[in-house]
Amino acid sequence: MSQTEPRAYRTLGDALQAAPVGAVNIAITPGHYRTDAYRFWGTATITALGPRGSVVIDCSDEHNLQIEGRTTLQRLVLRNWHPDGLALSVVGGTAVVEDCEFMSRSATSVWARGGAELFLRGSTVRDAGIAYRDAAGVIEGTEVIGAGACGIALRDGARVSVRNCRISGAGEHGIWVTARANPLIEQCEIDGTDQGGIVIDGHARAAIRGGSVSGSKQCGLVVRDDAHATVEGLRITAAAQDGVWCTTRGVLTADGVTVQDARRYGAVVDDGGVATLTNCVVEGSTDLGLAAGGGGSRTEVTGGRIERNKVGVGFGDDGALTMTGVELTRNADAGLVLMPGGPARLHSVTVTRTEGPGLIVFRGADADIKALVSTDNQKGDLRDFQPAPKSAPDSTTAPAVTPSPPSAPSRPLVPPAERPTGSTAPTAAPNTSLDALLAELDAMIGLREVKEEIGKLVKFLRVAEQRRRAGVTPGPPIGRHMVFSGSAGTGKTTVARVYGRLLAALGVVADGHVTEVSRADLVGKVLGETTQKTTAVFHNARGGVLFIDEAYALSRRFGVGTDFGQEAIDTLVKLLEDHRDEVVVVFAGYSAEMREFLSANPGLQSRVSRTIEFEDYTPDELVAIVEGLTAQFDFVLADGTREALKAHFQQARRTATFGNGREARRVFEAAIQQQALRLADHDDPSPEDLVQLLPEDLNDVVDRGLGTRFGETRDTDQLDAILGELSAMVGLESIKQQIRDLMDLIVMARRRRAAGLPADPLPSHLVFSGPPGTGKTTVARLYGSLLAALGVLARGQVVEVSRASLVGAFTGQTAALTTEAFERARGGVLFIDEAYALVRPAGSGPDYGQEAIDTLVKLMEDHRDEVVVIVAGYTDEMQSFLAANPGLASRFSATVEFPAYGPDELVEILVRMAEPAGYTLPADTLAAVRSHLATHAPDYALGNAREIRKLLASVQTAQARRLRERERTGLESTVDDLRLFHPEDIGALGRLQS
């Protein structure tokens with residue numbers, strides 16, 4: 001590849017496109033090249049004929065190079081100028097990158113995903129970062145300079161070793177490990193990041209050995225959100241906030257870690273964090289060296305030194321602290337402060353040379369202190385300490401310098417976020433009467449129980465207000481905060497707006513405006529932002545109702561990635577207490593999820609007085625909603641249209657995605673669009689035509705979605721073509737008949753429904769059993785296409801997976817992987833090959849295959865309209881698989897047995913494989929093939945068509961060898977020679993070739 005040599009390729013894409021099949025070497029002469037986005041599936045080594053920087057390849061497209069095969073890059077510079085472009089994308093393939101440089105305008109320059117492997121050594125990435133997502137590999141001896149976002153992001157189960165790398169000036173975290181990634185980070189230097197140095201969250205597990213983090217503008221090391229980190233020998237210096245923060249059920253095991261000169265706390269353990277610190281050093285912190293306690297956290301410190309901080313250790317609130325053999329020395333205000341809260345166990349702790357008291361134990365603290373050495377502290381020790389009131393004169397027993405008692409450690413702050421305004425509903429006129437509002441609520445379709453509950457509350461509040469006006473005690477306060485639970489589209493938001501106006505009419509709140517927000521309005525993206533956003537939204541709602549839709553998304557159970565939703569909940573609970581007379585909060589969401597949400601904070605459930613369940617609308621109520629919309633917009637339903645609508649709503653699957661009132665509105669809006677298309681062909685439609693919605697206006701409006709429930713056949717020609725392809729397959733007569741029988745059942749189900757008879761709306765999940773190479777995967781693909789052509793499935797794609805695609809390496813990862821594969825199959829077929837591999841014999845060690853099976857059973861039930869699952873494998877092993885879960889076998893309606901191919905069928909398969917490749921087998925060659933198959937029958941019985949494919953490759957090799965030997969004797973090969981297989985090509989095999 002060159003810009004000057006006459007016959008050289010001018011672009012990388014041209015060179016790769018012209019590369020022959022097999023491994024190739026592409027050498028690039030020095031120069032500056034441009035390229036379009038190129039995807040490469042082959043095997044190649046691409047090398048600059050000069051040092052790094054001599055070859056520069058620029059691109060303004062989505063990527064310079066996307067690797068999906070096996071490629072080695074050496075000494076190249078790849079620059080991408082697209083705002084969202086990648087310099088290098090590795091998707092499912094393997095890339096080895098040595099001594100290269102990458103630059104992008106986007107947040108990420110080098111990206112590996114989808115099971116890819118990327119080995120990046122001795123390279124540089126400028127102005128952007130590196131990301132691995134569901135990928136593996138090594139990053140070694142590499143610099144990441146000035147990334148706009150994270151320097152290195154590892155997520156979704158990424159398995160990467162990061163060694164001897166330097167990340168500087170990242171716009172977010174230096175290294176971010178999340179979503180169950182599992183890396184090793186070894187001897188890396190991270191400096192000057194705008195957020196955290198190393199952040200590990202989202203159930204990730206990371207090992208960190210050696211290296212340094214310096215000058216982070218937030219925390220040096222963060223472990224949170226159920227992540228686990230094992231850290232050895234890391235040095236953290238000059239963090240602008242905290243050196244180490246372990247929180248929200250993060251688990252940190254640190255050995256020999258040094259934290260120096262943190263601008264606030266050296267180390268913080270709070271909010272359920274668990275930290276084990278061994279032989280660590282924390283020195284020079286502006287505030288606390290170690291701040292522990294809060295949210296049930298647990299901190300264990302063994303050995304090590306805490307030195308030259310303002311206060312050595314502060315502990316309080318609920319939690320637990322154990323310290324053994326720790327030295328606290330030369331701290332300023334106090335060595336150790338124990339406040340009331342959880343248990344503190346101090347054994348063989350030394351506190352020396354403190355400028356204030358060595359030990360302060362507040363009255364009521366749960367302290368177990370043994371073998372404490374407290375010497376050379378200027379103010380001695382204070383036990384059962386209780387500071388004097390601020391207005392009192394100095395106490396003769398108080399120290400000359402009384403340290404400010406350390407509060408529970410606060411989260412690191414970030415620059416204030418913009419105050420979110422939310423979405424505010426129109427405010428009712430001040431003179432809107434209570435009876436008029438109740439009448440408005442009563443006029444809503446359905447919602448009988450909702451109206452009753454709201455009515456009861458209004459009556460109670462009305463009487464309480466009357467008692468207050470009469471000068472008597474209004475009675476015990478009644479909680480006004482509520483949970484509105486139920487499916488989407490059941491009127492929760494509308495009722496919340498009426499509720500706010502009712503409360504205003506009763507004088508409970510000032511004006512009754514409703515501020516509608518969701519998770520995005522409350523939760524920030526960086527440490528501390530969530531508290532600010534949530535507080536701003538809450539104060540914006542004062543005097544009215546704060547309506548939080550899909551509130552369950554705030555809890556950690558439902559959060560993903562970097563998640564601060566729990567912080568929003570905790571902030572809300574405090575605000576509800578501090579401003580209980582100023583704001584009414586309504587939390588809304590799905591029923592099951594909201595039950596879990598209420599358990600997210602111990603104080604949440606006690607502050608929410610009641611839950612009102614919004615039931616799904618009945619078919620008649622949904623039709624009434626459509627009729628209300630038609631009247632509102634001057635339409636009418638013609639004869640037969642109402643019946644068609646009711647039939648649609650009766651047959652609709654009430655899954656989590658069913659929209660209730662939203663579905664009714666969708667149907668109405670789509671129907672009037674269909675009516676407009678129908679009338680567009682009329683030159684002068686009558687006034688009656690313009691307002692009537694006919695049954696035909698519901699065509700392509702109802703019975704559509706991911707599962708179309710036996711709608712009309714979409715493409716008859718396509719259906720015939722697919723059935724023809726199935727019929728043309730060699731053998732498998734019983735299989736073909738079973739597939740035809742399934743098609744007949746679908747057709748009859750459609751006719752039964754048309755006749756008003758009950759009909760099962762679901763295609764069947766199937767078991768394909770039999771030896772390998774008998775056509776199971778091919779038939780599954782055809783089956784998916786058949787169901788799509790019949791209108792049973794939306795798309796009919798077949799997603800092929802195996803155990804490796806579904807089973808993770810640790811608890812919890814498997815459910816996520818299985819769900820992700822299932823999601824990709826929605827609207828089509830999920831084909832699980834060798835499904836029996838998910839079941840491991842008892843006593844064979846830890847295994848997460850059972851988790852995949854249990855997850856599948858639930859998903860098959862929850863989405864039975866949307867995905868057809870086909871599991872495949874050996875007959876006997878599949879029986880064990882079906883017994884692995886009590887509900888598994890019942891989910892599959894039929895087992896399709898694929899028999900091994902007979903000798904004649906294998907010969908026919910060989911002929912069919914050979915013909916498209918331009919080969920012919922005459923009669924004597926076919927006889928030799930039959931003899932060969934008979935001799936090696938057991939091998940072909942185990943492999944069937946797969947072994948025939950291998951046989952064809954072996955015969956091609958034998959023919960090539962024979963013809964080359966002839967040509968060496970001076971005989972040229974004719975076209976017939978190149979085309980024909982001879983019996984001697986079969987005889988030359990000798991044995992089955994692998």
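The coordinates are above.
Residues numbered from 1 in each chain as written. Predicted model: local features only at pLDDT ≥ 70, side-chain atom pairs only at ≥ 80, totals over all residues. Heavy atoms only, no water.

**Some remarks on the overall build of the protein chain**
When helices and strands are counted, the protein chain shows 27 helices and 61 strands. Scored against the burial criterion, the 994 residues of the protein chain give a buried share of 51%. If you take every contact in the protein chain between residues at least 6 apart in sequence, the share linking residues at least 24 apart comes to 56%. Accessible surface for the protein chain amounts to roughly 42,900 Å². Of this, 50% is attributable to carbon and sulfur atoms. (Helix = DSSP H or I, 4+ residues; strand = E, 2+ residues; numbered from the N terminus. Buried < 20%, exposed > 50% of the residue type's maximum accessible area, 1.4 Å probe, protein only. Contact = heavy atoms within 4.5 Å. Areas by Shrake-Rupley, 256 points an atom, 1.4 Å probe, with all protein chains shown as cover.)

**A look at the packing of aromatic side chains**
With the rule as written, the count across this model stands at 6 aromatic pairs. Arranged with centres 5.0 Å apart and planes meeting at 45°, the rings of Phe484 and Phe614 form a pair that is tilted. With Phe484 in strand 50 (residues 482–486) and Phe614 in strand 54 (residues 610–614), the pair connects residues that are 130 residues apart, well separated along the chain. For Phe484, a relative accessible area of 0% translates into the label buried. When the centroid spacing of 4.9 Å and the interplanar angle of 50° are considered together, the rings of Phe768 and Phe898 count as tilted. In this pair, Phe768 sits in strand 57 (residues 765–769) while Phe898 sits in the loop between strand 61 (892–897) and helix 22 (903–914), placing the two residues 130 residues apart along the sequence. In terms of burial, Phe768 and Phe898 fall into one category: buried. Lying across the ring of Trp111, Arg113 places its NZ or CZ 4.7 Å from the centre. (Phe/Tyr/Trp six-rings, centres within 6.5 Å; stacked < 30°, edge-to-face > 60°. Lys NZ or Arg CZ within 6 Å of the ring centre and 35° of its normal.)

**Description of the sheet that holds strand 58 (residues 798–801)**
With respect to topology, 5 strands assemble into an open sheet ordered 58-59-60-57-61, the strand pairing being parallel. The outermost strands of the open sheet, each flanked by one partner alone, are strand 58 and strand 61. Sheet twist, expressed as the mean angle between neighbouring strand axes with direction ignored, is 20°. As paired elements, strand 57 and strand 61 share 5 bridges and run parallel to each other. Considered in strand 61, the bridge of Val767 is made with Thr895. Each of strand 57, strand 58, strand 59 (829–832) and strand 60 (868–873) is contacted by helix 16 (residues 776–789), which is oriented at about 170° to strand 60, the strand it contacts most. (Pairing = 2+ DSSP bridges. Axes fitted to C-alpha atoms, helices over the stretch in contact; angles between N-to-C directions.)

**Topic: the pattern of salt bridges**
Taken as a whole and judged by the stated rule, the model has 40 salt bridges. For the salt bridge of Arg305 with Glu283, the shortest nitrogen-to-oxygen distance reads 3.8 Å. Residue Arg305 is located in strand 38 (residues 305–307), and its partner Glu283 is located in strand 35 (residues 281–283); the two are separated by 22 residues in the primary sequence. Where salt bridges share partners, they join Glu283, Arg305, Glu307, Arg308 and Arg330 into one cluster. (Salt bridge = Lys/Arg side-chain N within 4 Å of Asp/Glu carboxyl O.)

Geometric values such as these leave the question of function open.
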